[in-house]
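Chain and residue survey
Given next are the chains, with one letter for each unit.
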Amino acid sequence: MILSSFVPWLLTSAVLAVGLIVLFVRKRRQERAVDRFSERVWQLTSESGAAGRIGLEGNPKALGQLGSAVNKLLEDLEQRGARLLDREHMFQRLVETVHDAVLVHRERILFANSRFLALLNLSASEVVGRSLTEFVAPEYAELVESNLRRRLLGEPAAARYEVELVGAQAQVTRVELSSTVIDSAGEAALLLTALEMLPESGPVAVPSRPRAMVTLDAMGESVITVDAEGRIDYINLAAETLLGQRFDQVMGKAFSEVATLVDETDRRSLGDPVRKALTTGGRVTMGRRAVLVPAGAGPERSVEISVTPLRFDGKEILGLVLVLHDTSELRGLTRQMTYQASHDALTGLVNRREFERRLQEAMDSAQTGNVGHALCYLDLDRFKVVNDTCGHTAGDNMLREVASLIKEAVRDSDTVGRIGGDEFALLLVGCPLEKARQIADDVVRSVNDYRFVWKDKIFNIGVSIGLVEIGASGGAIEDIMNAADSACYVAKKQGGLHVHVYSAREEASARHSGEIHWLQKLQGALRDSKFELYYQPIVQARANGMRGPALEVFVRLTGDKGQPGAPTAEFIRAAERYRLMPHIDRWVVQAVLSALGRGGMKLPPGRSVAINIAGQTLGDADFLEFVVDCFDHTGANPGDICFEVTESSVVANLDHAQRFIAVLHGMGCEFALDNFGSGLSSFATLRTLPMDYLKIDGSFISNLAGDSVNQAMVAAMIELSRSLNFRVVAEQVEDQLSLDTVTDMGIDFVQGFVFGRPQPLSMVPSPG
């Protein structure tokens with residue numbers, strides 16, 4: 001917004017200033033003849049001398065000739081064997097013949113003539129040996145210092161500019177400084193003249209030309225003027241920097257010989273703006289996407305350019321003024337901000353917002369044309385094991401490597417996005433379903449073959465992919481994303497390392513529709529507290545008074561109109577899918593502790609009630625605080641509670657699980673490892689946790705009496721539990737033969753239909 005209001009004013013000022021320069025230069029070229037200057041210099045510096053003084057009048061050509069004369073004089077004197085003192089005397093004599101204020105400067109002032117000393121009202125001893133910056137107003141000190149340094153080094157710098165000198169009595173004199181390089185005692189020095197800027201009564205003031213030039217040189221915008229034939233006759237310092245070429249290198253050339261303009265997106269030529277302006281006779285602008293390509297070695301720059309005709313009496317075109325605004329930094333910042341807003345900082349992939357924008361474009365094109373696309377939803381398997389075992393730094397490194405693997409497995413035209421913690425998505429544009437399936441299979445194989453190494457650990461992960469075809473009949477973007485997510489969920493339930501193609505006609509879709517129905521019911525049940533607790537007894541296998549759980553509670557939805565509640569298995573899948581388990585587990589914990597606290601649930605001495613905690617709940621950082629608050633508010637005894645957690649949920653949420661178990665175990669709660677035996681690979685980690693019970697997975701108990709392999713496995717688990725001082729619970733004991741078998745093998749507690757099916761908690765018998 002600032003640039004848009006500033007540029008028009010800048011262009012107007014530049015055009016007026018340049019117009020004055022062009023008219024003035026042409027007038028002065030006709031009026032002045034300075035070629036006789038050199039002859040007068042040599043006449044005045046001859047052995048006999050001559051009367052009069054040399055008037056430079058701030059003329060750069062005259063000043064240059066004076067510098068050349070000085071260098072030639074000193075060179076001749078040296079060749080004639082003149083002493084250094086004589087050479088300095090002749091040099092000073094020459095400079096004193098100039099009626100302008102003159103000084104010689106290197107790092108410090110070497111000489112100043114009487115006219116310059118008069119401007120300051122100081123003596124030579126008070127000036128020589130000090131820097132010129134000490135005699136200018138503070139606001140000009142940096143300008144003078146920079147100009148002196150650049151001129152001595154031969155770098156581009158203004159040959160003439162205006163400053164304010166401050167004299168002995170603090171009087172201020174505005175002068176125009178002009179400089180040329182000379183050879184003083186074998187080293188480069190600057191010969192400077194100071195032309196006092198006095199107001200004049202004529203319509204055209206002498207200072208107007210240098211003031212305009214200094215103004216243009218001080219501008220940050222690049223200004224170029226061309227004559228009526230399109231030939232360059234002036235560029236300011238900013239333009240020299242932008243083009244990477246000096247004025248003498250471009251003077252007289254056409255703009256197209258100096259630089260070209262191309263579009264930043266496709267590199268097509270934007271043409272010659274000078275030719276366009278001369279042809280049309282009007283103003284020409286090029287914005288936003290123009291890139292200046294200098295003919296020399298200068299770097300390419302993004303620019304906004306305007307070309308304005310200069311007219312005589314509003315009719316005849318005298319030339320053109322080009323103003324170029326360098327927008328490289330601004331566009332670079334804009335591109336960087338755009339990139340950051342649309343890309344994931346960790347992996348460099350597009351983020352969810354940008355991915356959905358591109359997906360919407362693909363869906364729109366599919367509805368208006370015959371081309372089809374495909375969407376893949378990817379969910380990494382076993383990622384949390386890496387994240388929780390080795391920390392977030394390891395997890396981040398693995399995500400970066402996996403992102404690279406996925407990008408290598410897809411086509412260059414495909415979009416890969418990170419849309420969640422360990423969730424990715426692919427947009428396969430113009431891709432038939434069979435080809436999309438092949439690409440998805442390639443991604444599965446690539447990730448499955450990948451091994452992540454972190455310090456002394458090696459991990460293998462996998463990926464499940466849901467694939468959806470995008471056609472003309474596609475719905476809203478939310479529907480497409482949900483369908484891909486649903487297909488991915490089915491692939492994950494099939495054991496991972498699968499690609500599942502979504503179809504509304506398949507059973508998976510029907511199940512998904514059923515889950516949405518359960519989602520609505522669960523949300524209503526949580527809102528209206530329409531849950532009820534059931535229990536199943538846990539019986540001691542040996543009458544030895546051992547501590548342990550007396551029953552396990554289950555949650556069910558309250559039935560409608562007096563009907564029995566729905567079994568847990570019917571809604572638990574939807575609760576897990578839509579991450580409602582932490583809310584349900586909170587309801588269960590609150591209900592059980594409240595019942596214990598008010599005496600509504602009685603337990604045998606030394607026995608406890610077992611409560612299942614889901615993996616999602618263990619990963620909830622706020623759940624531990626909730627449980628502790630429940631104990632405080634209800635007054636329930638922590639020793640009356642045994643929390644059951646599964647092996648996989650602990651491993652998947654190891655950091656949170658360790659803290660949850662350690663804090664509550666310290667308060668007096670007990671813990672049981674549920675479904676033990678279904679995955680022994682992580683037992684080396686789990687044995688460090690303060691567990692009290694192992695519940696052997698029911699798959700080992702089924703047909704235990706007639707299965708020797710299961711008997712061997714159960715015997716090994718019992719032996720392992722004894723070595724770690726864990727008590728053992730056998731679940732899903734369905735008949736008397738199984739009960740006798742587990743009892744003979746040394747099981748401590750038994751749970752199953754042999755002792756009863758789940759009943760409403762209100763029917764739990766009081767301890768005798």
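Residues numbered from 1 in each chain as written. Predicted model: local features only at pLDDT ≥ 70, side-chain atom pairs only at ≥ 80, totals over all residues. Heavy atoms only, no water.

1. Some points on the overall build of the chain
- Regarding its fold elements, the chain presents 29 helices and 27 strands.
- Here the chain holds 768 residues, and the buried ones make up 48% of them.
- Contacts in the chain between residues at least 24 apart in sequence constitute 62% of all its contacts with a sequence separation of at least 6.
- Within the structure as shown, the chain displays about 37300 Å² of accessible surface, and the carbon and sulfur contribution to it stands at 51%. (Helix = DSSP H or I, 4+ residues; strand = E, 2+ residues; numbered from the N terminus. Buried < 20%, exposed > 50% of the residue type's maximum accessible area, 1.4 Å probe, protein only. Contact = heavy atoms within 4.5 Å. Areas by Shrake-Rupley, 256 points an atom, 1.4 Å probe, with all protein chains shown as cover.)

2. A short note on the pattern of salt bridges
- Evaluated as defined, the whole model comprises 27 salt bridges.
- The salt bridge involving Arg411 is made with Asp414; its shortest N-O contact spans 2.7 Å.
- Classification of Asp414 by relative accessible area gives buried; the value is 9%.
- Asp442 serves as the salt-bridge partner of Arg445, at 2.4 Å between the closest nitrogen and oxygen. Of this pair, Arg445 and Asp442 both sit in helix α17 (residues 433-449), three residues apart, roughly one helical turn.
- When salt bridges with common partners are traced through the structure, they connect Glu354, Arg357, Arg358 and Glu361 into a single cluster. (Salt bridge = Lys/Arg side-chain N within 4 Å of Asp/Glu carboxyl O.)

3. Thoughts on the pairing of strand β15 (residues 451-454)
- By the alternation rule, side chains of β15 split into Phe452 and Trp454, which are all buried, and Arg451 and Val453, of which none is buried.
- As paired strands, β15 and strand β16 (residues 457-460) are joined by four bridges and run antiparallel to one another. The residue bridging Phe452 from the neighbouring strand is Phe459, located in β16.
- Connecting the antiparallel pair β15 and β16 is a turn made up of two residues, with Lys455 showing a positive phi of about 55°. (Pairing = 2+ DSSP bridges.)

4. Brief notes about the sheet that holds strand β18 (residues 499-501)
- The strand order β13-β14-β12-β17-β18 describes an open sheet built from five strands, whose pairing is mixed. Each having just a single partner strand, β13 (415-418) and β18 make up the two edges of the open sheet. Along the sheet, successive strands turn relative to each other by an average axial angle of 20°, direction set aside.
- Against the sheet, helix α16 (residues 392-409) contacts β12 (373-381), β13 and β14 (423-428), and its axis sits at roughly 15° relative to β14. (Axes fitted to C-alpha atoms, helices over the stretch in contact; angles between N-to-C directions.)

5. Some remarks on unusual backbone geometry
- We note that Ala170 has phi near 65°; this positive angle belongs to a residue other than glycine.
- Note that Ala170 resides in the loop between β3 (160-166) and β4 (172-184).

6. Brief notes about the packing of aromatic side chains
- The full count for this structure, using the stated rule, is nine aromatic pairs.
- Within the aromatic cluster, the residues linked to one another by ring pairs are Phe623, Phe626, Phe643, Phe660 and Phe671.
- The positively charged end of Arg556 is found above the aromatic ring belonging to Tyr534, 4.3 Å away from the centroid. (Phe/Tyr/Trp six-rings, centres within 6.5 Å; stacked < 30°, edge-to-face > 60°. Lys NZ or Arg CZ within 6 Å of the ring centre and 35° of its normal.)

7. Details of the environment of Ile470
- Summarising the element assignment, Ile470 is placed in strand β17 (residues 462-470).
- Classification of Ile470 as buried rests on a relative accessible area of 2%.
- Through-space distance from the C-alpha of Ile470 to that of Ala366 is 7.0 Å; in sequence the pair is 104 residues apart.
- When sequence neighbours within four positions are dropped, the list of residues in contact with Ile470 reads Leu359, Met363, Ala366, Gly372, His373, Ala374, Leu375, Leu427 and Ile480.

8. Observations concerning the packing of helix α23 (residues 623-634) against helix α25 (residues 654-667)
- The contact between α23 and α25 brings their axes to 10 Å, and the two run at 15°. When the axis of α23 is compared with that of α25, the two are roughly parallel. The hand of the α23/α25 crossing is right-handed. Every residue of α25 that contacts α23 at Phe623, Leu624, Val627, Val628 and Phe631 is listed here: Arg659, Phe660, Val663, Leu664 and Met667.
- Its residues assigned to classes, the contact of α23 with α25 comprises nine nonpolar, no polar and one charged. (Parallel < 35°, antiparallel > 145°, perpendicular 65-115°, else oblique. Left-handed = near helix turned anticlockwise from the far one by under 90°. Nonpolar A, V, L, I, M, F, W, Y, C, P; charged D, E, K, R; others polar.)

9. As for the packing of helix α21 (residues 581-597) against α23
- In contact at an axis separation of 9 Å, α21 and α23 are set at 20° when each is read in the N-to-C sense. On the basis of their axis angle, the class for α21 and α23 is roughly parallel. Crossing handedness for the pair α21 and α23: right-handed. The segment α21 lies against α23, with Asp585, Arg586, Val589, Gln590, Leu593, Ser594 and Gly597 engaging Phe623, Phe626, Val627, Cys630, Phe631 and Thr634.
- Here the residues of the contact of α21 with α23 sort into seven nonpolar, four polar and two charged.

10. Remarks on the confidence of the model for the chain
- The pLDDT averaged across the chain works out to 78; a share of 75% of its residues lies at or above 70.
- Per-residue pLDDT, averaged within each element of the chain, yields its smallest value for helix α2 (residues 37-44) (40) and its largest for strand β21 (residues 607-612) (95).
- Confidence drops under a pLDDT of 50 for residues 23-61, and excluding neighbours within four residues, the segment shows 71 contacts in the predicted structure.
- Ignoring residues within four places in sequence, the model shows residues 506-510, a span with pLDDT below 50, making seven contacts including any to other chains. (pLDDT = per-residue confidence, 0-100.)

11. Here's the deal with the nonpolar core
- Grouped together as the largest cluster of nonpolar side chains are 68 residues, with contacts concentrated most on Val592, Ile641 and Phe643.
- No other element matches α21, which puts nine residues into this core.
- In contact with Val592, other than residues within four places in its own chain, are Leu533, Val553, Met601, Val609, Ile611 and Ile641.
- One finds Leu380, Ala394, Val416 and Leu428 within the second-largest nonpolar core, a separate group that totals 37 residues. (Core = buried A, V, L, I, M, F, W, Y, C linked by side-chain atoms within 4.5 Å.)

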